[in-house]
Amino acid sequence: MVLTAPSSSGARMFASSHPEDQAGKLTRSRFGRGAMFGVLVVFAIVVILTDMAMFRRGFSLVELFMDEWQFSDGREEFMLCAIIFVVVLLREYGWLGSSGRRGLVGAASLRKKDTDVACSRGAAACGVPEVAVPSSEAIAKRSAAAIKCNEAIDRAALEGNAEKAGQLLLDFERAGGKADHRHYNSVIRAHAKCGNPVSAERWLRRMVNKGVPRTLGSYNMLLDAYAKTDNAEACEKWLQHLIEDGIEANVTSYASAIYAHARRGDAASAEKWLKRMVAAGIDPDAATYNVLILSHGVKGNASGAEAWLAEMRTRGLEVSVCTYTAVINAVAKSGDMSAAERWFQRMLEEEVQPSVATFSAMMDACAKAGDMVRAEQWHDRMIQHGIAPNAHTCGAMVNACAKARSPHSAEAAERWLDFSENAGVLNDVVVYSSVIDACAKAGDAERAMRIFRRMQAKGLKPHILAYTALARPFAYRGDWIKVESIAQEMIASGIERNEYFVYAQLVSYSASQPRQGHSAEQCFRSAIAEGIPVNDHIVSALARSVGRPRCAELMKELCGGREVPARPRPAQGRKLGGRA
């Protein structure tokens, strides 16, 4: 900024409002004016040498006052503005008032406060920055600190500790560090990888509030996280935010929205986003078409899946093992095992090598048909191809055993669990729950309990489906005491009941001899208090426990007069609402 003397142009309003003949006019001598001017010059030089940034701020404020007060007399204007300038500096350094600062030279080393609104306005008017430009050494130190912080955040993210990654960023900012998009993206990525899109969204919102420029990666990581947690609505909302933020979406952005709907089997919505993607000038790739095939496969729409594969060929896109696996999965879910095997053979003819997911799809098809023997044949064929089993293939074989409904299905399911563990497969809670479900369907309560304890010994925490499957065989034999103990253990582990478990409890009360009507009513009342939804299965089980007249009274009291359905007692081994 070039410092210039205040302008004295314009009408002499100040002089006219103070005529020379006005009573009480102050008489100034030439010597007095010169001495005052000299003192001000010396003071200004000291200030400049001590703190140039403060001098600029004070001068900016003087200019602001001059503009607002519209002084006109050159001499009086200069003297008055100079005095104001001195007063501003004195107040800034604490020589007037009780701020207790240590003087001019000592105060120059103190941290400047940027809370003076008038100074801010004056600096903006003059184009003068409020903060002094840092030295190259300071910039280098801050850059090194920022890099070190980002590396620490990345390490925490790799460890799967998203909370630590976020805390590191907060500590960095509180220490005066200036975080950029790389820091925030690392934290967002950490939460997204942990399957926690809500926390990832919170960090993206903080990024917006802090004025940190967002990148395409910032949004794509959040979109992917919401897509993988079946939250298509949030995925669509943030894709729209991305577009409104002026960032150009890419194929990954749109593919996330497509995938979110595909997981639900909502092919119509998935195809709608494909059209928007094409309208935006983005050509879909092979992975996008694979997702569209998946959307039809979820509902077993074989014709829809085959149509999109044909569209891929028309566009000249590569048909990979992922594509064939998606088609096979769609055909298998439609119940057409022969068609699934034809597609498998066609894949081999085109010299596309099957993967473990492909064989898992074939075994799943056999499981849905309850054909345990055929599923074992596909498992053997997979081993012959040199493909090692995994948790998914083990789960497929266990499901085949469960749906076979043979007297030996529970034993076969446990045998496949043993085989997978001996093969070094790290089975998850889903596989163990499937074995428990197979035992429950066979009415083998003791084996189910043994597998449940085995799962816990592996350090796996059972979920609500595992507890429900475990309670089922005890419920059908009327062992309500055992079911209640399972419920207590479940609640103690921090897992709340749902409608499926409540149904199992009510079945245990109705199947016991004698029936436990009072316990059933208490169970139902507590379920209402917990906000558990009431369905026809629950009402029917309650009616069998307390009798239809009392059940009707409870419906009138607690459920707004809901009708009591006339449903027969379920047969032994019947599945209790939902898969384990």
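The structure presented is a predicted model; accordingly, all values stated were derived computationally and were not measured.

1. As for the overall build of the protein chain
The helix and strand inventory of the protein chain stands at 30 helices and zero strands. Expressed as a percentage of its 580 residues, the buried residues of the protein chain come to 45%. Of the contacts made within the protein chain by residues no fewer than 6 positions apart, 64% connect residues no fewer than 24 positions apart. Accessible area of the protein chain: about 29,400 Å², with a carbon and sulfur share of 54%.

2. Quick word on the environment of Lys333
With respect to the helices, strands and loops of the structure, Lys333 is situated in helix 17 (residues 321-333). Residue classification places Lys333 among the partly exposed positions, given a relative accessible area of 34%. When the C-alpha atoms of Lys333 and Ala365 are compared, they prove to be 6.4 Å apart, with 32 residues separating the residues in sequence. If we skip the residues at most four places from it in the chain, Lys333 touches Gly297, Val298, Gly300 and Lys368.

3. What about the nonpolar core?
Among the nonpolar cores identified, the biggest contains 142 residues, and Leu506 and Leu542 are the most heavily contacted of them. Ignoring anything within four residues of it in the chain, the contact list for Leu506 reads Ala520, Cys523, Ile538, Ala541, Leu542 and Ser545.

4. Quick notes on helix 16 (residues 302-314)
For helix 16, which comprises 13 residues, the first-to-last C-alpha distance of 19 Å matches the rise-based estimate of 18 Å (1.5 Å per residue) to within 8%. For helix 16, every residue scored as buried is listed here: Ala302, Gly304, Ala305, Trp308, Leu309 and Met312. Looking at the buried side of helix 16, the elements it contacts are helix 14 (267-279), helix 15 (286-298), helix 17 and helix 18 (337-349). Two residues or fewer after helix 16 comes Gly316, characterised by a positive phi angle close to 75°.

5. Quick look at the packing of aromatic side chains
In this structure the tally under the stated criterion is 11 aromatic pairs. Each member of the aromatic cluster is reached from another via a ring pair, and the members are Phe344, Phe359 and Trp378. The residue whose ring lies beneath Lys482 is Phe474, and the NZ or CZ to ring-centre distance is 6.0 Å.

6. Considering the state of the cysteines
Under the definition given, this model contains zero disulfides. Of the cysteine sulfurs around Cys401, a residue in no disulfide, the closest is that of Cys394, at 9.2 Å. Residue Cys401 is classed as buried on the basis of its relative accessible area, which comes to 0%.

7. Examining the packing of helix 14 against helix 15
Packing of helix 14 against helix 15 leaves a shortest axis separation of 9 Å and a crossing angle of 160°. In terms of orientation, helix 14 lies roughly antiparallel with respect to helix 15. Here the hand of the crossing between helix 14 and helix 15 comes out left-handed. Of the residues in helix 15, those in contact with Ala267, Ala270, Glu271, Leu274 and Met277 of helix 14 are Thr288, Leu292, Ser295 and His296. Tallied by class, the residues present in the contact of helix 14 with helix 15 amount to five nonpolar, three polar and one charged.

8. Things to note about the confidence of the model for the protein chain
For any part of a model where pLDDT is low, the fine detail of the predicted coordinates should not be relied upon. With 73% of its residues at a pLDDT of at least 70, the protein chain reaches an overall mean of 79. Low pLDDT, under 50, characterises residues 60-73; the predicted model gives this stretch 37 contacts beyond four residues in sequence or across chains. Under a pLDDT of 50 for its full length, residues 93-134 has, in the predicted model, 54 contacts with residues more than four places off or in other chains.

9. Points about the pattern of salt bridges
Scanning all chains against the criterion turns up 30 salt bridges. The closest approach of N and O atoms between Asp180 and Arg182, which form a salt bridge, is 2.4 Å. A salt bridge links Arg315 to Glu311; its shortest N-O distance comes to 3.2 Å. Taken together, the shared-partner salt bridges connect Glu414, Asp418, Glu421, Asp444, Arg447, Arg450 and Arg454 into one network.

10. Thoughts on the side chain of His191
Looking at where His191 falls in the secondary structure, it is placed in helix 9 (residues 181-193). Sequence-distant contacts of His191, defined by excluding residues within four places in its chain, comprise Ala162, Glu163, Asn196, Ser199, Ala200 and Trp203.

11. Things to note about the packing of helix 15 against helix 17
Two elements in contact, helix 15 and helix 17, have axes separated by 8 Å at closest approach and are oriented at 10°. Taken together, helix 15 and helix 17 sit at an angle that is classed as roughly parallel. In this structure, helix 15 crosses over helix 17, and the sense of that crossing is left-handed. Mapping the contact onto sequence places Asn290, Ile293, Leu294, Gly297 and Val298 in helix 15 and Cys322, Thr323, Ala326, Val327, Asn329, Ala330 and Lys333 in helix 17. A breakdown of the residues in the contact of helix 15 with helix 17 according to their chemical character gives seven nonpolar, four polar and one charged.

12. Some details on the environment of Cys559
In this fold, Cys559 is placed in the segment after helix 30 (548-558). Measuring from C-alpha to C-alpha, the distance between Cys559 and Ile528 comes to 8.8 Å, with 31 residues separating the pair along the chain. What Cys559 contacts, discounting residues up to four positions off in sequence, is Phe524, Ile528, Val534 and Leu554.

13. Some points on unusual backbone geometry
The omega torsion of the bond from Gln513 to Pro514 falls at 0°, within 30 degrees of zero and hence cis. Phi angles above zero are rare outside glycine, and Glu351 is one such case at about 60°. Mapped onto the elements of the fold, Glu351 is located in the loop between helix 18 and helix 19 (356-368). In this structure Glu351 comes out as exposed when scored by relative accessible area, which is 69%.

14. Looking at helix 24 (residues 445-457)
It helps to recall that an α-helix has 3.6 residues per turn; residues three or four apart then point in one direction. Taking 1.5 Å as the rise per residue, helix 24 with 13 residues should run 18 Å; its terminal C-alpha atoms sit 18 Å apart, in good agreement. Burial in helix 24 covers these residues: Ala445, Arg447, Ala448, Met449, Ile451, Phe452 and Met455. If you follow the buried residues of helix 24, they end up packed against helix 22 (409-422), helix 23 (429-441), helix 25 (464-476) and helix 26 (480-492). Note on helix 24: the residue one or two positions beyond its end, Gly459, has a positive phi of about 85°.

15. What to know about the environment of Asp283
Along the chain, the position of Asp283 falls in the loop between helix 14 and helix 15. Among the residues examined, Asp283 registers a relative accessible area of 62% and is labelled exposed. In the structure, Asp283 is positioned 32 residues away from Val251 in sequence and 7.4 Å away in space, judged by C-alpha atoms. Excluding its chain neighbours within four sequence positions, the residues that come into contact with Asp283 are Val251 and Met277.

Rules of the game
- Residues numbered from 1 in each chain as written.
- Predicted model: local features only at pLDDT ≥ 70, side-chain atom pairs only at ≥ 80, totals over all residues.
- Heavy atoms only, no water.
- Helix = DSSP H or I, 4+ residues; strand = E, 2+ residues; numbered from the N terminus.
- Buried < 20%, exposed > 50% of the residue type's maximum accessible area, 1.4 Å probe, protein only.
- Contact = heavy atoms within 4.5 Å.
- Areas by Shrake-Rupley, 256 points an atom, 1.4 Å probe, with all protein chains shown as cover.
- Core = buried A, V, L, I, M, F, W, Y, C linked by side-chain atoms within 4.5 Å.
- Expected span 1.5 Å × (residues − 1).
- Phe/Tyr/Trp six-rings, centres within 6.5 Å; stacked < 30°, edge-to-face > 60°.
- Lys NZ or Arg CZ within 6 Å of the ring centre and 35° of its normal.
- Disulfide = S-S within 2.5 Å.
- Axes fitted to C-alpha atoms, helices over the stretch in contact; angles between N-to-C directions.
- Parallel < 35°, antiparallel > 145°, perpendicular 65-115°, else oblique.
- Left-handed = near helix turned anticlockwise from the far one by under 90°.
- Nonpolar A, V, L, I, M, F, W, Y, C, P; charged D, E, K, R; others polar.
- pLDDT = per-residue confidence, 0-100.
- Salt bridge = Lys/Arg side-chain N within 4 Å of Asp/Glu carboxyl O.

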